[in-house]
Amino acid sequence: MVIQYLHVMAWTGEGSPPTEDENGFPVPGSPGESYTAACRYENFRGGSTKSWQNKKNETVLQRGTVFVKKGEILPKKFETVTVTDPDGVVVFEGELLNVYKGQLNATIAV
């Protein structure tokens, strides 16, 4: 049997922002929940790449593609993720440029 999705993508979701109680004292916000998904990372090696707009509306070039297994939780566009290989080595860490959910898997531009 061939295992296609060897990598693991991890990210932290949005938490609640800090607020104030009825007496004006600060109440700290809560951190977001941690998520993981089985995926496959493919890094581009030369050639032409597609350009995308990042969160700051700057034009950046796509460095690779992450394929996420069907049924896994997907991060939102512009989330910061970490992709590790089976040995635990970080192969990508950065912002997602586009998230596309297809019929058999999800394709994420990074």
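Values in this document were obtained by computation on a predicted structure and should not be read as measured data.

Describe the environment of Asp85, and please don't skip the residues or the numbers.
The residue Asp85 is located in the loop between β8 (80-84) and β9 (90-95) in this model. Given a relative accessible area of 18%, Asp85 falls into the buried group. When the C-alpha positions of Asp85 and Pro31 are compared, they lie 26 Å apart, and in sequence the two are 54 residues distant. If sequence neighbours within four positions are ignored, Asp85 has contacts with His7 and Val91.

An account of the nonpolar core is needed here, citing residue identities and associated values.
Formed by 14 residues in total, the largest nonpolar core has its most connected members in Met9, Val66, Val68, Val83, Ile108 and Val110. Broken down by secondary-structure element, the contributors of at least two residues to this core are β1 (7-12), β4 (34-43), β7 (64-69), β8 and β11 (105-109). Element by element, the count of residues in this core is highest for β4, at 3 residues. If we ignore the near neighbours within four places in the chain, the residues touching Val110 are Tyr41, Gln62, Arg63, Gly64, Thr65, Val66, Phe92, Glu95, Leu96 and Leu97.

Please set out the sheet that holds β8 residue by residue, giving values where relevant.
Spatially, β9-β8-β1-β4-β7-β11-β10 is the arrangement adopted by the 7 strands of the open sheet, whose pairing is antiparallel. This sheet does not close on itself; its edge strands, each paired only once, are β9 and β10 (98-101). Taking the axes of each pair of neighbouring strands and ignoring which way they run, one obtains an average angle of 30° across the sheet. With 4 bridges joining them, β10 and β11 adopt antiparallel strand pairing. Looking at β11, one finds that Lys101 is bridged to Ala106.

About the criteria used
Residues numbered from 1 in each chain as written. Predicted model: local features only at pLDDT ≥ 70, side-chain atom pairs only at ≥ 80, totals over all residues. Heavy atoms only, no water. Helix = DSSP H or I, 4+ residues; strand = E, 2+ residues; numbered from the N terminus. Buried < 20%, exposed > 50% of the residue type's maximum accessible area, 1.4 Å probe, protein only. Contact = heavy atoms within 4.5 Å. Core = buried A, V, L, I, M, F, W, Y, C linked by side-chain atoms within 4.5 Å. Pairing = 2+ DSSP bridges. Axes fitted to C-alpha atoms, helices over the stretch in contact; angles between N-to-C directions.

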